[in-house]
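Examination of the molecular architecture
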Amino acid sequence: MKVSVIGGGHGCYAAAIEMVEKGFDVTLWRRDGNALQELRQLGHLDVKDAQGERRIQIGTHKNQLSLTDSLAEATQQAELLIVPLPATSHDTLADQLGPLLRDDQVVFLPPGTFGSYLFHRAMRKAGNDSQVAFCETGTLPYLARKHGANKVVISVYATRLPTGVFPSELSAHAFSVLREAYPSVEPIEDGLSGALMNAGPTIHPPLIMMNAGPLEHFDAWDIHNEGTQPSIRSVTTALDNERIAVREKLGYKPSHFPLANHYASEGEEWMYGRGAHGKLTDSGDWRENINLHSHRYMLEDTRMGLSFIVSVGRWAGQPTPVAEGLLSIASAITGQDLYAQGRTLEMLGLDSLSQGQMHSLLTYGIQA
């Protein structure tokens, strides 16, 4: 299978490494030409995970990783496009990718914040009528960190990836392709269901807001270790319960992958399996400097992800007071109205749809 990985972040490098190791024909595209050239000159990617350390060669031969700075080239050759980028990059990338996509391609957004609809809309706005499946899941398939220009440490691989497809009528084809790359994907109802599985907006906003003091005081702080205390966990649980209530209001079925299972040592397995939280904190890779005005936990998970949950709750008639409260605090910290800037149903022009119209959109996509 021909796979293209779009982007140059932690998850992008981890995805490129895993896909090469699975024997696929893999191309990595990134926007930053200087970084791509540096990687090409280094000639390899180094990976360290539970299996040990090893090296992925960069080149054009079998079992090597190809590089390109041409999005058209990366798109043209791919059956599967993996886009493990923050939602803040979606608008620009969707406009660039929209004219290039072709029938039967599968685009995987892990996670998406309803990016599946955004990319589909951009494709249609470009006059492209191709049948493309846009898929989104609840988290990155990896807990990973880059250490320098060409070294990646992968602490955990996802074991369960609840995934929805937009439009859902293309689900059968999408999962036949996706399962080759990620056997851990689990089909769920549609793209909106996938968006409401996104764990980032329930994990990170309480952690950064309720750790604002130490984050601003210390040079580095681990919000997942010292920053995860019982009072904060209780807020996280309440917030996640609101997400689940919105899902239930819309008629989506279990499992809702409650975040409490991420921290538990027994019970239903969460997306990263059991014991993942301990592996994350033991790695030390999440002891970092988090700027509350510029970090993706604020700009992506709070401004976009939390706003999305609130907007869907308002549309469905399901209150989300904890989410709204955290958004208000985040807006006070940043001095900006984050909901007004967020990825909401209002911003997407979908807030006036009836439930029947929404169901039709999720099933068939935008119709001419």
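Everything here concerns the structure above.
Now for a quick tour of the structure.

**A word on the sheet that holds strand S2 (residues 25–29)**
Reading across the sheet, the eight strands line up as S5-S2-S1-S6-S7-S8-S11-S12 and stay open at both edges, with mixed pairing between neighbours. The open sheet terminates on both sides in strands that have one partner only, identified here as strand S5 (65–68) and strand S12 (185–187). On average, each strand axis in the sheet is tilted by 30° relative to the strand beside it, whichever way the strands run. Where S2 meets S5, four bridges bridge the pair, whose relative direction is parallel. Looking at S5, one finds that Leu28 is bridged to Leu67.

**Notes on the layout of surface pockets**
When its volume is computed, the largest pocket comes out at roughly 810 Å³. Listing elements by their share of the lining of the largest pocket, those giving two or more residues are helix H1 (10–21), strand S9 (142–146), helix H8 (200–210), helix H11 (260–263), helix H12 (276–283) and helix H13 (296–316). Here the lining of the largest pocket takes five residues from S9, the largest share from any one element. Tallied by class, the residues present in the lining of the largest pocket amount to 18 nonpolar, 15 polar and eight charged. Put simply, the second largest pocket is a space of about 160 Å³. Glu189, Asp190, Leu192, Leu250, Tyr252, Trp315, Gln355, Met358, His359 and Leu362 are the residues that line the second largest pocket. With four residues, the top contributor of residues to the lining of the second largest pocket is helix H17 (residues 355–364). For the lining of the second largest pocket, the class distribution of residues is six nonpolar, two polar and two charged.

**Focus: H17**
When H17 is considered as a whole, its buried residues turn out to be Met358, Leu361, Leu362 and Thr363. With its phi angle positive at about 80°, Gly365 sits one or two positions after the end of H17.

**Description of the environment of Leu101**
Looking at the element boundaries, Leu101 is found in the loop between helix H4 (90–97) and strand S7 (106–109). Taking the C-alpha atoms as reference points, Leu101 and Ala78, 23 residues apart in sequence, are found 9.5 Å from one another.

**Notes on the nonpolar core**
The biggest cluster of nonpolar side chains holds 98 residues, and the ones touching the most others in it are Ile6, Met19, Leu65, Leu80, Ile82, Tyr182 and Ile208. At eight residues, H1 tops the list of elements feeding residues into this core. In contact with Leu65, not counting residues within four places along its chain, are Ala16, Val20, Val26, Thr27, Leu28, Leu45, Ile56, Gln57, Ile58 and Gly59. The next biggest cluster of nonpolar side chains, apart from the first, holds 20 residues, and it includes Tyr117, Ala195, Leu196 and Leu362.

**Observations concerning the packing of H8 against helix H10 (residues 230–249)**
Contact geometry for H8 and H10: axes closest at 9 Å, N-to-C directions at 145°. The two elements H8 and H10 cross, and the hand of that crossing is right-handed. Residues Pro201, Thr202, Pro206, Leu207 and Met210 of H8 lie in contact with H10, whose contacting residues are Ser231, Ile232, Val235, Thr236, Leu239, Asp240 and Arg243. Residues belonging to the contact of H8 with H10 are distributed by class as follows: seven nonpolar, three polar and two charged.

Criteria and cut-off values
Residues numbered from 1 in each chain as written. Predicted model: local features only at pLDDT ≥ 70, side-chain atom pairs only at ≥ 80, totals over all residues. Heavy atoms only, no water. Pairing = 2+ DSSP bridges. Helix = DSSP H or I, 4+ residues; strand = E, 2+ residues; numbered from the N terminus. Axes fitted to C-alpha atoms, helices over the stretch in contact; angles between N-to-C directions. 1 Å grid on protein atoms, 1.4 Å probe; cavity = no way out; pocket = protein on both sides within 12 Å on 5 of 7 lines; lining within 4 Å. Points joined across faces, edges and corners; volume = space filled by probe spheres on them. Nonpolar A, V, L, I, M, F, W, Y, C, P; charged D, E, K, R; others polar. Buried < 20%, exposed > 50% of the residue type's maximum accessible area, 1.4 Å probe, protein only. Core = buried A, V, L, I, M, F, W, Y, C linked by side-chain atoms within 4.5 Å. Contact = heavy atoms within 4.5 Å. Left-handed = near helix turned anticlockwise from the far one by under 90°.

All we've got here are geometric facts, nothing functional implied.
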